[in-house]
Amino acid sequence: MFTIGDFAHLGRVSVRMLRHYDAVGLLPPAHVDPSSGYRFYTAAQLQRLNRLVALKDLGLTLDQVRVVLDDELSVEQLHGMLSLRRAELRQQIIADESRLRRVEARLRAIEREGAMPTDDIVVKPVPAVRVARLTATAASYGPEDVGPVIQPLYPQLFARLERAGVESSGCGIATYEPAGGDEVVVHAGVEVAVEPSPGHDFEVVDLPALAGAATIVHRGTMDDVDTSYQAVAAWIEAHGYRQNGFAREVYLNYGVGDPSDWVTELQLEITKP
């Protein structure tokens, strides 16, 4: 038999964790000396410990580990549990990569703080435009919430346009409006030249003209779009304007080729207070 210290060394876990596994009934010792209190384990229990450690390393909870170790799952159920865990890990990786890009963008913004160029900000009228669009709701206006909502809408929209025999006549245009609290209604649109019809499984609307909009060209993905928004917001305040509502995002070249070459024009309607 092995003592708890020997067993911990062989199983690559701490004595503390072995005591915890004993307390929750996952790995009770084979024998406890009544006089010394020493816990003893058999060599056969090492296999259970190794499986326990391996399952924990996959991110399973102790309750899930218990079910697997006690053979309460079929092969199909175990496959389903691990498939779900794989999906969770992939989603976590995507979220972490997006968070990393935002951190890097914030660092770049800090490095440029106080020297943000404003030459690229242009005030101009924006003509009315007709778009076909799909709509969803995001938890907030932040790119970390808007991105996962708007990105699936565009493939759905283009698939519906193709089924309806409708071709886009221009750029993709995203618009936003408040939905109460922090939530934001997200409209994923693209320019079209068709009439609205109740037979379409998408909406056709006319976006009104803007008498004046402060515009800036944002390059790259939308993960770091806050940097461009901050620049134009600072310009609007410095020049005595007031922003009306959310921006329009016009995707001049987006989603194709090198992401560093992607181009989006941000259009913020402005007025003099």
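Provided above is the structure to which this section pertains.
Let me begin by describing the structure that accompanies this report. (Residues numbered from 1 in each chain as written. Predicted model: local features only at pLDDT ≥ 70, side-chain atom pairs only at ≥ 80, totals over all residues. Heavy atoms only, no water.)

1. Regarding the overall build of the protein chain
Moving on, step 1. If you tally the helices and strands in the protein chain, you get 7 helices and 12 strands.
Moving on, step 2. Taking 2.2 N^0.38 as the reference for a compact globule, 273 residues should give roughly 19 Å; the C-alpha atoms of the protein chain span a radius of gyration of 28 Å, well beyond that estimate.
Moving on, step 3. Seen along its three principal axes, the alpha-carbon backbone of the protein chain occupies a region of about 90 × 50 × 35 Å.
Moving on, step 4. In the protein chain, which comprises 273 residues, the proportion classed as buried is 36%.
Moving on, step 5. At a minimum sequence separation of 6, the contacts of the protein chain that also span at least 24 residues come to 67%.
Moving on, step 6. Total accessible area on the protein chain stands at roughly 15800 Å², and carbon and sulfur atoms take up 54% of it.
Moving on, step 7. Each charge class in the protein chain can be summarised by its mean position, and for the 26 positive and 38 negative side chains these summaries are 5 Å apart. (Helix = DSSP H or I, 4+ residues; strand = E, 2+ residues; numbered from the N terminus. Rg over C-alpha atoms; globule rule 2.2 N^0.38 Å. Buried < 20%, exposed > 50% of the residue type's maximum accessible area, 1.4 Å probe, protein only. Contact = heavy atoms within 4.5 Å. Areas by Shrake-Rupley, 256 points an atom, 1.4 Å probe, with all protein chains shown as cover. Lys, Arg positive; Asp, Glu negative; His and termini not counted. Charge placed at Lys NZ, Arg CZ, Asp CG, Glu CD.)

2. Remarks on helix α3 (residues 44-57)
Moving on, step 1. When the terminal C-alpha atoms of α3 are compared, their 21 Å separation across 14 residues agrees well with the 20 Å that a helix rising 1.5 Å per residue should span.
Moving on, step 2. Q45, L46, L49, L52 and L55 are the residues of α3 that are buried.
Moving on, step 3. Once α3 finishes, G59 follows within two positions and takes phi at roughly 95 degrees, a positive value. (Expected span 1.5 Å × (residues − 1).)

3. Details of the pattern of salt bridges
Moving on, step 1. According to the stated counting rule, one finds 7 salt bridges in the structure shown.
Moving on, step 2. Among the ionic pairs, D70 bridges to R48, the shortest N-O distance being 3.2 Å. Linking D70 in the loop between α4 (62-69) and α5 (75-112) with R48 in helix α3, this pair joins segments that are 22 residues apart in sequence.
Moving on, step 3. The class for D70 is partly exposed, based on a relative accessible area of 36%.
Moving on, step 4. For D206, the salt bridge is made with R130, and the minimal N-O distance between the two is 2.8 Å. Here the residue D206 occupies a position in strand β8 (residues 203-207), and R130 occupies one in strand β5 (residues 129-138), the gap between them amounting to 76 residues.
Moving on, step 5. With relative accessibility at 21%, the residue R130 sits in the partly exposed group. (Salt bridge = Lys/Arg side-chain N within 4 Å of Asp/Glu carboxyl O.)

4. Description of the nonpolar core
Moving on, step 1. Ranked by internal contacts, the top residues of the largest apolar core, which has 35 residues, are I150, L157, L161, Y176 and F202.
Moving on, step 2. For this core, the elements supplying multiple residues, two or more each, are β5, α6 (143-164), β6 (172-178), β7 (184-191), β9 (210-219), α7 (225-238) and β12 (263-271).
Moving on, step 3. Ranked by the residues each element gives to this core, the list is headed by α6, at 7 residues.
Moving on, step 4. Among the nonpolar cores identified, the runner-up in size contains 16 residues, and V13, Y41, L49 and V65 belong to it. (Core = buried A, V, L, I, M, F, W, Y, C linked by side-chain atoms within 4.5 Å.)

5. Quick look at the side chain of T175
Moving on, step 1. Tracing the backbone shows T175 in strand β6.
Moving on, step 2. Here T175 falls in the buried class, since its relative accessible area comes to 10%.

6. Details of the pairing of β7
Moving on, step 1. Of all 8 residues making up β7, 7 are buried, and the element is well covered by its neighbours.
Moving on, step 2. Relative to β7, β6 runs antiparallel, the two being bridged by 7 bridges. If you follow E177 over to β7, its bridge partner there is V185.
Moving on, step 3. Connecting the antiparallel pair β6 and β7 is a turn made up of 5 residues, with G180 showing a positive phi of about 100 degrees. (Pairing = 2+ DSSP bridges.)

7. Description of the packing of α3 against α4
To characterise two packed helices, one gives the angle between the axes of the helices and the distance between these axes.
Moving on, step 1. Contact geometry for α3 and α4: axes closest at 10 Å, N-to-C directions at 135 degrees. For the element pair α3 / α4, the angle class is oblique. The two elements α3 and α4 cross, and the hand of that crossing is right-handed. Together, R48, R51, L52, L55 and K56 of α3 and L62, V65, V68 and L69 of α4 make up the contact between the two elements.
Moving on, step 2. Among the residues forming the contact of α3 with α4, the class breakdown is 6 nonpolar, no polar and 3 charged. (Axes fitted to C-alpha atoms, helices over the stretch in contact; angles between N-to-C directions. Parallel < 35°, antiparallel > 145°, perpendicular 65-115°, else oblique. Left-handed = near helix turned anticlockwise from the far one by under 90°. Nonpolar A, V, L, I, M, F, W, Y, C, P; charged D, E, K, R; others polar.)

8. Observations concerning the environment of L62
Moving on, step 1. By the element assignment, L62 lies in helix α4.
Moving on, step 2. For the pair L62 and L26, spaced 36 residues apart in the sequence, the C-alpha separation amounts to 8.3 Å.
Moving on, step 3. Beyond its immediate sequence surroundings of up to four residues, L62 is in contact with H20, Y21, L26 and K56.

9. Digging into the packing of aromatic side chains
Moving on, step 1. Per the stated rule, a full pass over the model turns up 8 aromatic pairs.
Moving on, step 2. Ring geometry for W235 and Y241: centres 5.7 Å apart, planes at 10 degrees, overall stacked.
Moving on, step 3. Looking at W235, the relative accessible area reads 11%, which means it is buried.
Moving on, step 4. Residue classification places Y241 among the partly exposed positions, given a relative accessible area of 27%.
Moving on, step 5. One aromatic cluster is present, formed by Y154, F158, Y251, Y254 and W262 through successive ring pairs.
Moving on, step 6. The ring centre of Y241 lies 4.4 Å from the NZ or CZ of K272, which sits over that ring. (Phe/Tyr/Trp six-rings, centres within 6.5 Å; stacked < 30°, edge-to-face > 60°. Lys NZ or Arg CZ within 6 Å of the ring centre and 35° of its normal.)

Interpretation in functional terms is not warranted from these geometric data alone.
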